[in-house]
Amino acid sequence: MANDTNTFQAIISHCKEYGFIFPSSEIYDGLAAVYDYGQWGSELKRNIRDYWWKSMTQMHENIVGIDAAIFMHPTTWKASGHVDNFSDPMIDNKDSKKRYRVDHLIEAHAEELKAKGDTAGADALIAEMRKLEAADDYAGLKTLIDEKKIKCAVSGTVNWTDVRQFNLMFSTEFGAVSSENEEDNKVYLRPETAQGIFVNFLNVQKTGRMKIPFGIAQVGKAFRNEIVARQFIFRMREFEQMEMQFFIKPGTQKEWYEYWKEARMKWHQSLGIPAEKYRFHDHVKLAHYADAACDIEFDFPIGFKEVEGIHSRTDFDLRNHQEYSKKKMQYFDTEINQNYIPYVIETSIGLDRSVMMVLSHAYTEEDLSTPEKADSRVVLKFPAKLAPIKLAVFPLTKKDGLPELARELMDACKPHFKCFYEEKDAIGKRYRRQDAIGTPFCVTVDHQTKEDRTVTIRFRDSMEQKRVHMDEVKTLILAEIF
Ligand code: ATP
(Lines give C-alpha, C1' and ligand atoms only; values in the text may rest on other atoms or scores of the structure.)
Protein backbone atom coordinates (compact mmCIF):
# COMPACT_ATOMS: atom_id res chain seq x y z
CA MET A 1 0.00 0.00 0.00
CA ALA A 2 2.93 2.37 -0.64
CA ASN A 3 2.10 6.06 -1.01
CA ASP A 4 -1.60 5.51 -1.38
CA THR A 5 -2.71 9.10 -0.80
CA ASN A 6 -6.34 8.31 -1.52
CA THR A 7 -6.45 5.58 1.12
CA PHE A 8 -4.77 7.91 3.59
CA GLN A 9 -7.31 10.68 2.92
CA ALA A 10 -10.15 8.15 3.14
CA ILE A 11 -8.90 7.02 6.58
CA ILE A 12 -8.71 10.62 7.82
CA SER A 13 -12.27 11.33 6.65
CA HIS A 14 -13.53 8.06 8.11
CA CYS A 15 -11.92 8.86 11.48
CA LYS A 16 -13.75 12.17 11.57
CA GLU A 17 -17.09 10.89 10.33
CA TYR A 18 -17.22 7.98 12.78
CA GLY A 19 -16.03 9.68 15.96
CA PHE A 20 -12.42 8.51 16.10
CA ILE A 21 -10.31 11.65 15.63
CA PHE A 22 -11.22 15.33 15.19
CA PRO A 23 -9.00 18.35 14.49
CA SER A 24 -8.46 20.15 17.81
CA SER A 25 -10.74 23.16 18.49
CA GLU A 26 -12.30 22.63 15.11
CA ILE A 27 -14.95 25.33 15.56
CA TYR A 28 -12.04 27.79 15.40
CA ASP A 29 -10.68 26.08 12.28
CA GLY A 30 -8.38 23.76 14.22
CA LEU A 31 -4.84 24.09 15.54
CA ALA A 32 -2.00 22.87 13.34
CA ALA A 33 -0.90 19.32 14.15
CA VAL A 34 -3.07 19.00 17.26
CA TYR A 35 -5.91 16.47 17.33
CA ASP A 36 -8.65 15.32 19.70
CA TYR A 37 -9.76 11.73 20.07
CA GLY A 38 -13.51 11.21 19.93
CA GLN A 39 -15.67 8.56 21.55
CA TRP A 40 -14.34 5.57 19.60
CA GLY A 41 -10.82 6.89 19.00
CA SER A 42 -10.25 7.31 22.72
CA GLU A 43 -11.42 3.73 23.36
CA LEU A 44 -9.10 2.40 20.65
CA LYS A 45 -6.19 4.44 21.98
CA ARG A 46 -6.86 3.28 25.55
CA ASN A 47 -6.97 -0.36 24.43
CA ILE A 48 -3.60 -0.04 22.68
CA ARG A 49 -2.14 1.74 25.71
CA ASP A 50 -3.47 -0.97 28.07
CA TYR A 51 -2.19 -3.74 25.81
CA TRP A 52 1.30 -2.23 25.80
CA TRP A 53 1.20 -1.54 29.56
CA LYS A 54 0.16 -5.11 30.29
CA SER A 55 2.83 -6.56 27.98
CA MET A 56 5.49 -4.52 29.80
CA THR A 57 4.47 -4.40 33.46
CA GLN A 58 2.40 -7.57 33.85
CA MET A 59 4.12 -9.98 31.49
CA HIS A 60 7.61 -8.98 32.68
CA GLU A 61 8.14 -9.53 36.38
CA ASN A 62 11.15 -7.21 36.34
CA ILE A 63 9.43 -4.17 34.79
CA VAL A 64 7.38 -1.68 36.80
CA GLY A 65 5.47 1.38 35.67
CA ILE A 66 5.47 4.99 36.86
CA ASP A 67 3.57 8.17 36.06
CA ALA A 68 5.87 11.19 36.28
CA ALA A 69 4.84 14.82 35.88
CA ILE A 70 5.02 16.62 32.53
CA PHE A 71 6.85 19.55 34.12
CA MET A 72 10.34 18.77 35.30
CA HIS A 73 13.14 20.79 36.83
CA PRO A 74 14.67 22.81 33.97
CA THR A 75 18.15 21.41 34.68
CA THR A 76 16.80 18.00 33.61
CA TRP A 77 16.85 19.21 30.01
CA LYS A 78 20.33 20.65 30.32
CA ALA A 79 21.57 17.29 31.64
CA SER A 80 19.73 15.27 29.00
CA GLY A 81 21.24 17.36 26.22
CA HIS A 82 17.89 18.62 24.95
CA VAL A 83 18.61 22.31 25.56
CA ASP A 84 21.76 22.12 23.43
CA ASN A 85 21.03 19.32 21.00
CA PHE A 86 17.32 18.74 20.52
CA SER A 87 17.03 20.55 17.25
CA ASP A 88 16.48 19.79 13.63
CA PRO A 89 18.32 21.39 10.72
CA MET A 90 15.78 23.51 8.88
CA ILE A 91 15.69 25.83 5.93
CA ASP A 92 13.28 28.57 4.83
CA ASN A 93 12.20 29.42 1.33
CA LYS A 94 12.60 33.19 1.01
CA ASP A 95 9.71 33.57 -1.41
CA SER A 96 7.00 31.44 0.21
CA LYS A 97 8.39 31.93 3.76
CA LYS A 98 7.70 28.24 4.24
CA ARG A 99 9.98 26.39 6.66
CA TYR A 100 11.16 22.84 5.93
CA ARG A 101 13.00 20.23 7.86
CA VAL A 102 16.06 19.66 5.67
CA ASP A 103 15.81 15.85 5.74
CA HIS A 104 12.12 16.00 4.78
CA LEU A 105 12.80 18.37 1.89
CA ILE A 106 15.56 16.17 0.48
CA GLU A 107 13.58 12.95 1.09
CA ALA A 108 10.59 14.39 -0.79
CA HIS A 109 12.89 15.21 -3.73
CA ALA A 110 14.27 11.66 -3.65
CA GLU A 111 10.70 10.32 -3.77
CA GLU A 112 10.08 12.47 -6.87
CA LEU A 113 13.21 11.06 -8.52
CA LYS A 114 12.02 7.54 -7.70
CA ALA A 115 8.60 8.25 -9.17
CA LYS A 116 10.35 9.30 -12.39
CA GLY A 117 12.25 5.99 -12.43
CA ASP A 118 15.60 7.38 -11.21
CA THR A 119 15.96 5.04 -8.22
CA ALA A 120 19.77 5.14 -8.37
CA GLY A 121 19.72 8.96 -8.26
CA ALA A 122 17.30 8.90 -5.32
CA ASP A 123 19.42 6.42 -3.38
CA ALA A 124 22.60 8.39 -4.03
CA LEU A 125 20.92 11.59 -2.84
CA ILE A 126 19.75 9.98 0.41
CA ALA A 127 23.20 8.45 0.99
CA GLU A 128 24.84 11.85 0.48
CA MET A 129 22.34 13.49 2.85
CA ARG A 130 23.00 10.88 5.57
CA LYS A 131 26.75 11.44 5.23
CA LEU A 132 26.38 15.21 5.62
CA GLU A 133 23.94 14.78 8.54
CA ALA A 134 26.36 12.45 10.30
CA ALA A 135 29.08 15.11 9.99
CA ASP A 136 26.68 17.93 11.10
CA ASP A 137 27.72 19.62 7.85
CA TYR A 138 24.94 22.22 7.41
CA ALA A 139 26.76 24.18 4.70
CA GLY A 140 27.14 20.90 2.80
CA LEU A 141 23.40 20.20 3.11
CA LYS A 142 22.64 23.67 1.75
CA THR A 143 25.02 23.08 -1.17
CA LEU A 144 23.31 19.74 -1.86
CA ILE A 145 19.88 21.44 -1.97
CA ASP A 146 21.28 24.12 -4.31
CA GLU A 147 23.09 21.64 -6.57
CA LYS A 148 20.04 19.42 -6.96
CA LYS A 149 17.91 22.52 -7.60
CA ILE A 150 15.36 21.32 -5.04
CA LYS A 151 12.30 23.54 -5.23
CA CYS A 152 9.84 24.77 -2.61
CA ALA A 153 6.50 23.04 -3.15
CA VAL A 154 4.65 26.32 -2.51
CA SER A 155 6.63 29.00 -4.41
CA GLY A 156 8.29 26.66 -6.89
CA THR A 157 11.56 28.58 -6.42
CA VAL A 158 15.05 27.59 -5.26
CA ASN A 159 15.57 30.78 -3.22
CA TRP A 160 16.69 29.28 0.12
CA THR A 161 18.11 30.65 3.39
CA ASP A 162 21.08 28.92 5.02
CA VAL A 163 20.44 25.74 6.97
CA ARG A 164 19.88 26.50 10.70
CA GLN A 165 19.17 24.58 13.86
CA PHE A 166 15.73 24.95 15.48
CA ASN A 167 15.05 23.70 19.03
CA LEU A 168 11.91 21.62 19.27
CA MET A 169 11.08 22.16 22.96
CA PHE A 170 8.09 24.25 24.02
CA SER A 171 8.73 26.46 27.02
CA THR A 172 6.48 28.32 29.40
CA GLU A 173 6.81 30.18 32.70
CA PHE A 174 6.36 28.88 36.19
CA GLY A 175 4.65 30.72 39.03
CA ALA A 176 3.32 34.27 39.30
CA VAL A 177 6.50 35.95 40.50
CA SER A 178 8.10 38.12 37.87
CA SER A 179 11.82 37.82 37.58
CA GLU A 180 14.50 40.10 36.21
CA ASN A 181 15.84 37.15 34.45
CA GLU A 182 13.06 35.34 32.57
CA GLU A 183 15.25 32.28 32.23
CA ASP A 184 14.81 31.73 36.01
CA ASN A 185 11.12 30.90 35.61
CA LYS A 186 11.38 29.00 32.36
CA VAL A 187 10.13 25.43 32.33
CA TYR A 188 9.73 23.11 29.38
CA LEU A 189 6.92 20.84 28.35
CA ARG A 190 8.73 17.51 28.27
CA PRO A 191 9.73 16.47 24.73
CA GLU A 192 9.99 12.81 25.80
CA THR A 193 8.78 10.80 28.78
CA ALA A 194 12.13 9.06 29.26
CA GLN A 195 13.67 11.70 31.55
CA GLY A 196 10.88 11.20 34.11
CA ILE A 197 12.12 7.63 34.35
CA PHE A 198 15.80 8.52 34.65
CA VAL A 199 15.32 11.06 37.44
CA ASN A 200 13.26 8.46 39.35
CA PHE A 201 15.70 5.63 38.74
CA LEU A 202 16.97 5.50 42.34
CA ASN A 203 13.53 6.10 43.90
CA VAL A 204 12.12 3.09 42.08
CA GLN A 205 15.19 0.91 42.41
CA LYS A 206 15.41 1.45 46.18
CA THR A 207 11.71 1.42 47.12
CA GLY A 208 10.98 -1.49 44.76
CA ARG A 209 14.17 -3.35 45.74
CA MET A 210 14.76 -3.83 42.04
CA LYS A 211 17.70 -5.93 40.87
CA ILE A 212 19.47 -5.31 37.58
CA PRO A 213 18.38 -6.09 34.90
CA PHE A 214 15.07 -4.32 35.41
CA GLY A 215 12.86 -1.90 33.55
CA ILE A 216 10.71 1.15 34.26
CA ALA A 217 7.81 1.86 31.91
CA GLN A 218 5.80 5.00 31.45
CA VAL A 219 3.02 6.27 29.20
CA GLY A 220 2.38 9.97 28.86
CA LYS A 221 2.17 13.15 26.87
CA ALA A 222 5.18 14.66 25.15
CA PHE A 223 5.41 17.94 23.25
CA ARG A 224 7.55 18.94 20.30
CA ASN A 225 7.38 22.11 18.29
CA GLU A 226 7.71 20.17 15.04
CA ILE A 227 8.72 22.34 12.11
CA VAL A 228 6.79 20.36 9.58
CA ALA A 229 3.76 19.06 11.38
CA ARG A 230 1.60 17.20 8.94
CA GLN A 231 0.42 13.72 8.01
CA PHE A 232 -2.47 13.64 10.45
CA ILE A 233 -1.63 12.01 13.80
CA PHE A 234 1.71 10.78 12.48
CA ARG A 235 3.49 13.98 13.46
CA MET A 236 1.77 16.04 16.12
CA ARG A 237 2.91 18.84 18.42
CA GLU A 238 1.24 17.18 21.42
CA PHE A 239 1.38 13.40 21.42
CA GLU A 240 1.68 10.41 23.66
CA GLN A 241 4.64 8.08 24.10
CA MET A 242 4.92 4.63 25.63
CA GLU A 243 8.50 4.26 26.79
CA MET A 244 10.45 1.68 28.73
CA GLN A 245 13.98 2.09 30.01
CA PHE A 246 15.72 -1.19 30.77
CA PHE A 247 18.63 -0.85 33.20
CA ILE A 248 21.47 -3.29 32.64
CA LYS A 249 25.05 -4.05 33.60
CA PRO A 250 27.59 -2.15 31.45
CA GLY A 251 28.99 -4.42 28.76
CA THR A 252 25.75 -6.37 28.27
CA GLN A 253 24.12 -3.74 26.07
CA LYS A 254 24.61 -5.57 22.76
CA GLU A 255 22.72 -8.68 23.85
CA TRP A 256 19.91 -6.69 25.53
CA TYR A 257 19.61 -4.45 22.49
CA GLU A 258 19.08 -7.56 20.32
CA TYR A 259 16.68 -9.00 22.90
CA TRP A 260 14.47 -5.91 22.87
CA LYS A 261 14.57 -5.60 19.08
CA GLU A 262 13.15 -9.08 18.81
CA ALA A 263 10.71 -8.71 21.72
CA ARG A 264 9.25 -5.49 20.35
CA MET A 265 8.87 -6.89 16.83
CA LYS A 266 7.00 -9.87 18.33
CA TRP A 267 4.69 -7.48 20.19
CA HIS A 268 3.86 -5.71 16.94
CA GLN A 269 3.03 -8.96 15.24
CA SER A 270 0.86 -9.99 18.19
CA LEU A 271 -1.45 -7.16 17.10
CA GLY A 272 -2.44 -9.40 14.21
CA ILE A 273 -0.37 -7.41 11.73
CA PRO A 274 1.75 -9.60 9.39
CA ALA A 275 5.57 -9.50 9.47
CA GLU A 276 5.87 -8.12 5.93
CA LYS A 277 4.22 -4.88 7.04
CA TYR A 278 7.25 -4.14 9.25
CA ARG A 279 10.94 -3.61 8.78
CA PHE A 280 13.90 -2.46 10.87
CA HIS A 281 15.81 0.65 9.93
CA ASP A 282 19.25 0.94 11.54
CA HIS A 283 20.35 4.49 12.35
CA VAL A 284 23.49 5.74 10.67
CA LYS A 285 23.50 9.10 12.43
CA LEU A 286 23.15 8.25 16.10
CA ALA A 287 21.48 10.60 18.57
CA HIS A 288 23.79 12.27 21.08
CA TYR A 289 23.02 9.62 23.72
CA ALA A 290 23.11 6.36 21.72
CA ASP A 291 25.70 3.68 20.85
CA ALA A 292 23.23 1.73 18.68
CA ALA A 293 19.73 2.55 17.50
CA CYS A 294 17.09 1.37 15.09
CA ASP A 295 13.49 2.08 14.21
CA ILE A 296 10.67 -0.34 13.66
CA GLU A 297 8.98 0.96 10.54
CA PHE A 298 5.44 0.15 9.49
CA ASP A 299 4.06 0.19 5.96
CA PHE A 300 1.60 3.10 6.33
CA PRO A 301 -0.47 4.22 3.33
CA ILE A 302 2.12 7.03 3.10
CA GLY A 303 4.97 4.50 2.89
CA PHE A 304 7.25 2.77 5.41
CA LYS A 305 7.66 5.11 8.41
CA GLU A 306 8.93 4.91 11.98
CA VAL A 307 6.51 3.80 14.64
CA GLU A 308 8.98 2.81 17.37
CA GLY A 309 12.59 3.48 18.25
CA ILE A 310 14.91 1.08 20.08
CA HIS A 311 17.99 2.79 21.46
CA SER A 312 21.04 1.63 23.34
CA ARG A 313 21.47 4.80 25.44
CA THR A 314 24.64 3.78 27.29
CA ASP A 315 24.93 5.46 30.72
CA PHE A 316 24.61 8.89 29.10
CA ASP A 317 21.46 10.03 30.91
CA LEU A 318 22.19 8.71 34.41
CA ARG A 319 25.81 9.89 34.24
CA ASN A 320 24.74 13.39 33.22
CA HIS A 321 22.03 13.55 35.89
CA GLN A 322 24.66 12.52 38.41
CA GLU A 323 26.93 15.29 37.21
CA TYR A 324 24.28 18.04 37.14
CA SER A 325 22.42 17.03 40.34
CA LYS A 326 25.52 15.99 42.28
CA LYS A 327 23.53 12.95 43.45
CA LYS A 328 24.99 9.50 42.96
CA MET A 329 23.15 7.51 40.29
CA GLN A 330 24.88 4.27 41.11
CA TYR A 331 23.67 0.76 41.64
CA PHE A 332 25.39 -1.69 43.94
CA ASP A 333 25.56 -5.05 42.23
CA THR A 334 25.68 -7.70 44.96
CA GLU A 335 26.67 -10.40 42.48
CA ILE A 336 29.98 -8.74 41.69
CA ASN A 337 30.24 -6.55 44.80
CA GLN A 338 30.64 -3.41 42.70
CA ASN A 339 29.01 -0.04 42.18
CA TYR A 340 28.29 1.14 38.68
CA ILE A 341 26.06 3.47 36.69
CA PRO A 342 23.77 1.14 34.76
CA TYR A 343 23.55 1.15 30.99
CA VAL A 344 20.12 1.52 29.40
CA ILE A 345 18.20 0.03 26.50
CA GLU A 346 15.15 2.10 25.62
CA THR A 347 12.06 1.09 23.70
CA SER A 348 10.02 4.13 22.69
CA ILE A 349 6.80 3.85 20.75
CA GLY A 350 4.35 6.59 19.81
CA LEU A 351 0.83 5.83 21.00
CA ASP A 352 -0.75 8.03 18.34
CA ARG A 353 1.39 6.48 15.62
CA SER A 354 0.30 3.07 16.92
CA VAL A 355 -3.34 4.18 16.62
CA MET A 356 -2.63 5.26 13.06
CA MET A 357 -0.88 1.96 12.35
CA VAL A 358 -3.76 -0.12 13.70
CA LEU A 359 -6.30 2.02 11.82
CA SER A 360 -4.32 1.82 8.56
CA HIS A 361 -4.14 -1.94 8.78
CA ALA A 362 -7.79 -2.34 9.77
CA TYR A 363 -9.31 0.01 7.19
CA THR A 364 -10.89 -2.05 4.41
CA GLU A 365 -13.22 -1.10 1.59
CA GLU A 366 -15.16 -4.13 0.39
CA ASP A 367 -17.20 -4.49 -2.76
CA LEU A 368 -20.20 -6.68 -1.94
CA SER A 369 -22.03 -6.22 -5.23
CA THR A 370 -24.13 -9.04 -6.67
CA PRO A 371 -25.40 -9.20 -10.28
CA GLU A 372 -28.70 -7.85 -8.91
CA LYS A 373 -27.45 -5.08 -6.68
CA ALA A 374 -24.44 -2.79 -6.24
CA ASP A 375 -23.23 -2.82 -2.64
CA SER A 376 -20.12 -2.04 -0.63
CA ARG A 377 -19.00 -1.54 2.95
CA VAL A 378 -16.19 0.09 4.88
CA VAL A 379 -15.06 -2.13 7.70
CA LEU A 380 -12.39 -1.62 10.34
CA LYS A 381 -10.93 -5.07 10.90
CA PHE A 382 -9.42 -4.41 14.32
CA PRO A 383 -8.17 -7.36 16.37
CA ALA A 384 -11.07 -7.97 18.77
CA LYS A 385 -8.89 -7.09 21.80
CA LEU A 386 -8.29 -3.56 20.44
CA ALA A 387 -11.77 -2.81 19.06
CA PRO A 388 -13.49 0.16 20.77
CA ILE A 389 -16.73 -1.81 21.17
CA LYS A 390 -16.65 -5.59 21.49
CA LEU A 391 -20.34 -6.38 21.26
CA ALA A 392 -23.38 -4.62 19.82
CA VAL A 393 -26.79 -5.87 20.92
CA PHE A 394 -29.83 -5.34 18.71
CA PRO A 395 -33.43 -6.26 19.49
CA LEU A 396 -35.07 -6.99 16.12
CA THR A 397 -38.04 -4.81 17.03
CA LYS A 398 -38.79 -2.29 19.75
CA LYS A 399 -41.69 -4.34 21.11
CA ASP A 400 -42.85 -7.88 22.03
CA GLY A 401 -40.47 -8.06 24.98
CA LEU A 402 -37.37 -8.14 22.72
CA PRO A 403 -35.73 -4.99 24.18
CA GLU A 404 -36.06 -6.53 27.67
CA LEU A 405 -34.21 -9.66 26.57
CA ALA A 406 -31.58 -7.58 24.78
CA ARG A 407 -31.12 -5.50 27.94
CA GLU A 408 -30.68 -8.70 29.93
CA LEU A 409 -27.79 -9.66 27.62
CA MET A 410 -26.33 -6.15 27.90
CA ASP A 411 -26.42 -6.35 31.70
CA ALA A 412 -24.67 -9.73 31.66
CA CYS A 413 -21.88 -8.53 29.35
CA LYS A 414 -21.20 -4.87 30.09
CA PRO A 415 -19.28 -5.38 33.35
CA HIS A 416 -16.79 -7.45 31.33
CA PHE A 417 -16.28 -5.51 28.09
CA LYS A 418 -17.59 -2.50 26.17
CA CYS A 419 -21.05 -3.11 24.73
CA PHE A 420 -23.37 -1.00 22.62
CA TYR A 421 -27.17 -1.16 22.47
CA GLU A 422 -29.27 -0.01 19.51
CA GLU A 423 -32.94 -0.38 18.53
CA LYS A 424 -33.18 2.01 15.61
CA ASP A 425 -33.18 1.16 11.86
CA ALA A 426 -33.12 -2.12 9.95
CA ILE A 427 -30.69 -4.76 11.21
CA GLY A 428 -28.59 -4.54 8.02
CA LYS A 429 -28.03 -0.82 8.57
CA ARG A 430 -27.11 -1.37 12.20
CA TYR A 431 -24.57 -4.03 11.14
CA ARG A 432 -22.95 -1.61 8.67
CA ARG A 433 -22.62 1.13 11.27
CA GLN A 434 -20.85 -1.32 13.60
CA ASP A 435 -18.59 -2.51 10.73
CA ALA A 436 -17.54 1.10 10.21
CA ILE A 437 -16.36 1.41 13.81
CA GLY A 438 -14.88 -2.07 13.90
CA THR A 439 -17.19 -3.92 16.32
CA PRO A 440 -16.25 -7.59 15.95
CA PHE A 441 -19.53 -9.11 17.22
CA CYS A 442 -23.19 -8.14 16.81
CA VAL A 443 -26.01 -10.06 18.43
CA THR A 444 -29.62 -9.88 17.31
CA VAL A 445 -32.42 -10.80 19.67
CA ASP A 446 -35.54 -11.95 17.80
CA HIS A 447 -38.83 -13.71 18.42
CA GLN A 448 -37.20 -17.12 18.58
CA THR A 449 -35.10 -15.82 21.52
CA LYS A 450 -38.32 -15.62 23.51
CA GLU A 451 -38.93 -19.30 22.91
CA ASP A 452 -35.52 -20.91 23.32
CA ARG A 453 -33.19 -18.07 24.47
CA THR A 454 -31.01 -18.41 21.37
CA VAL A 455 -29.71 -15.34 19.52
CA THR A 456 -27.99 -14.68 16.18
CA ILE A 457 -24.34 -13.73 16.52
CA ARG A 458 -22.84 -12.07 13.45
CA PHE A 459 -19.09 -11.94 12.84
CA ARG A 460 -17.74 -8.66 11.43
CA ASP A 461 -15.06 -9.92 9.02
CA SER A 462 -16.75 -12.98 7.51
CA MET A 463 -20.29 -11.56 7.97
CA GLU A 464 -21.23 -15.13 8.93
CA GLN A 465 -24.13 -15.58 11.28
CA LYS A 466 -24.66 -18.34 13.77
CA ARG A 467 -27.33 -19.26 16.28
CA VAL A 468 -26.04 -19.57 19.86
CA HIS A 469 -27.55 -19.68 23.32
CA MET A 470 -27.81 -16.23 24.92
CA ASP A 471 -25.89 -17.41 27.99
CA GLU A 472 -22.89 -18.44 25.83
CA VAL A 473 -22.31 -14.98 24.32
CA LYS A 474 -20.22 -13.58 27.17
CA THR A 475 -17.84 -16.57 27.31
CA LEU A 476 -17.53 -16.69 23.55
CA ILE A 477 -16.48 -13.04 23.37
CA LEU A 478 -14.20 -13.18 26.41
CA ALA A 479 -12.29 -16.01 24.71
CA GLU A 480 -11.73 -13.79 21.63
CA ILE A 481 -10.64 -10.60 23.35
CA PHE A 482 -8.20 -11.92 25.87
P1 ATP B 1 10.79 11.23 13.87
O2 ATP B 1 12.13 10.87 13.27
O3 ATP B 1 9.62 10.67 13.13
O4 ATP B 1 10.68 12.69 14.18
P5 ATP B 1 11.95 10.54 16.36
O6 ATP B 1 13.02 9.60 15.93
O7 ATP B 1 12.29 11.94 16.71
O8 ATP B 1 10.73 10.53 15.30
P9 ATP B 1 11.76 9.45 18.99
O10 ATP B 1 12.35 10.63 19.65
O11 ATP B 1 12.57 8.21 18.87
O12 ATP B 1 11.17 9.88 17.58
O13 ATP B 1 10.38 9.14 19.71
C14 ATP B 1 9.87 7.84 19.87
C15 ATP B 1 8.53 7.66 19.21
O16 ATP B 1 7.65 8.73 19.54
C17 ATP B 1 8.59 7.67 17.68
O18 ATP B 1 8.93 6.41 17.18
C19 ATP B 1 7.17 8.05 17.32
O20 ATP B 1 6.33 6.91 17.30
C21 ATP B 1 6.77 8.96 18.45
N22 ATP B 1 6.83 10.37 18.04
C23 ATP B 1 7.92 11.16 18.00
N24 ATP B 1 7.60 12.39 17.57
C25 ATP B 1 6.26 12.38 17.34
C26 ATP B 1 5.32 13.35 16.89
N27 ATP B 1 5.71 14.60 16.62
N28 ATP B 1 4.03 12.99 16.75
C29 ATP B 1 3.63 11.73 17.04
N30 ATP B 1 4.46 10.77 17.48
C31 ATP B 1 5.76 11.08 17.63
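Because the structure is a prediction, the values reported are computed rather than measured. (Residues numbered from 1 in each chain as written. Predicted model: local features only at pLDDT ≥ 70, side-chain atom pairs only at ≥ 80, totals over all residues. Heavy atoms only, no water.)

Trainee: What is the right way to look at the overall build of the protein chain in this model?
Mentor: Helix and strand counts for the protein chain come out as 16 helices and 23 strands. Along the longest, intermediate and shortest principal axes, the C-alpha atoms of the protein chain span 75 × 65 × 50 Å. Within the protein chain, contacts between residues separated by at least 24 positions form 65% of all contacts whose residues are at least 6 apart in sequence. Carbon and sulfur atoms make up 50% of the accessible area of the protein chain, which amounts to about 23300 Å² in all. One way to put it: in the protein chain the 67 positive side-chain charges average out to a point 1 Å from where the 75 negative ones average out. (Helix = DSSP H or I, 4+ residues; strand = E, 2+ residues; numbered from the N terminus. Contact = heavy atoms within 4.5 Å. Areas by Shrake-Rupley, 256 points an atom, 1.4 Å probe, with all protein chains shown as cover. Lys, Arg positive; Asp, Glu negative; His and termini not counted. Charge placed at Lys NZ, Arg CZ, Asp CG, Glu CD.)

Trainee: How should I be thinking about the site of the ligand in this particular structure?
Mentor: Close to the ligand lie 16 residues, the nearest being E226, R235, M236, E306 and V307. At a separation of 2.8 Å, a nitrogen atom of the ligand approaches a polar side-chain atom of E226. Within the backbone of M236, an N or O atom sits 2.8 Å from a nitrogen atom of the ligand. Protein chains bury 86% of the 600 Å² of accessible surface belonging to the ligand in isolation. Those elements that provide at least two residues to the shell around the ligand are β10 (238–248), β13 (303–314) and β16 (343–350). The dominant element in the shell around the ligand, judged by the number of residues it contributes, is β13, at five residues. (Near = heavy atom within 4 Å. Polar contact = N/O pair within 3.5 Å; in protein donor to acceptor, adjacent residues only side chain to side chain.)

Trainee: How should the pattern of salt bridges be read in this particular structure?
Mentor: Pairing is possible between side chains of opposite charge, provided their charged atoms come close. The final tally for this structure, using the stated rule, is 40 salt bridges. A salt bridge links E43 to R46, with the shortest nitrogen-to-oxygen separation between them at 2.9 Å. Of this pair, E43 and R46 both sit in helix α2 (residues 39–58), separated by three residues, roughly a single helical turn. A relative accessible area of 37% places R46 in the partly exposed class. Between E346 and R313 there is a salt bridge whose closest N-O contact spans 2.5 Å. Separated by 33 residues along the polypeptide, E346 in strand β16 and R313 in strand β13 bring together distant segments of the chain. Residues participating in the shared-partner salt-bridge network are D88, R101, D103, E226 and R235. (Salt bridge = Lys/Arg side-chain N within 4 Å of Asp/Glu carboxyl O. Buried < 20%, exposed > 50% of the residue type's maximum accessible area, 1.4 Å probe, protein only.)

Trainee: Just checking my understanding: could you explain helix α5 (residues 102–115) for this structure?
Mentor: Each turn of an α-helix holds 3.6 residues, which means side chains three or four residues apart point in the same direction. With 14 residues, α5 extends 20 Å from end C-alpha to end C-alpha; this agrees with the ideal 20 Å at 1.5 Å per step. Along its buried surface, α5 packs onto β4 (87–92), β5 (99–101), α6 (119–134) and α7 (138–147). (Expected span 1.5 Å × (residues − 1).)

Trainee: I'm lost on the domain arrangement of the protein chain in this one. Help?
Mentor: The parts lose accessible area when they come together, and the size of an interface is often stated as this lost area. Taken domain by domain, the protein chain comprises domain 1 (5–74 + 179–359), domain 2 (87–167) and domain 3 (389–481). Between the C-alpha centres of domain 1 and domain 2 there is a distance of 28 Å. Of the roughly 830 Å² buried between domain 1 and domain 2, counting both surfaces, carbon and sulfur atoms make up 61%. Taken as a group, I227, V228 and K285 account for 61% of the area that domain 1 buries against domain 2, more than any other trio of residues on that side. For the interface between domain 1 and domain 2, the tally reads one salt bridge. The residue E226 makes a salt bridge to R101 at a minimum N-O spacing of 3.8 Å. On inspection of domain 1 and its partner domain 2, the count reaches zero residue pairs in polar contact (both at pLDDT 80 or more). (Domains from an automatic or database assignment. Buried area = accessible area lost by both parts, 1.4 Å probe.)

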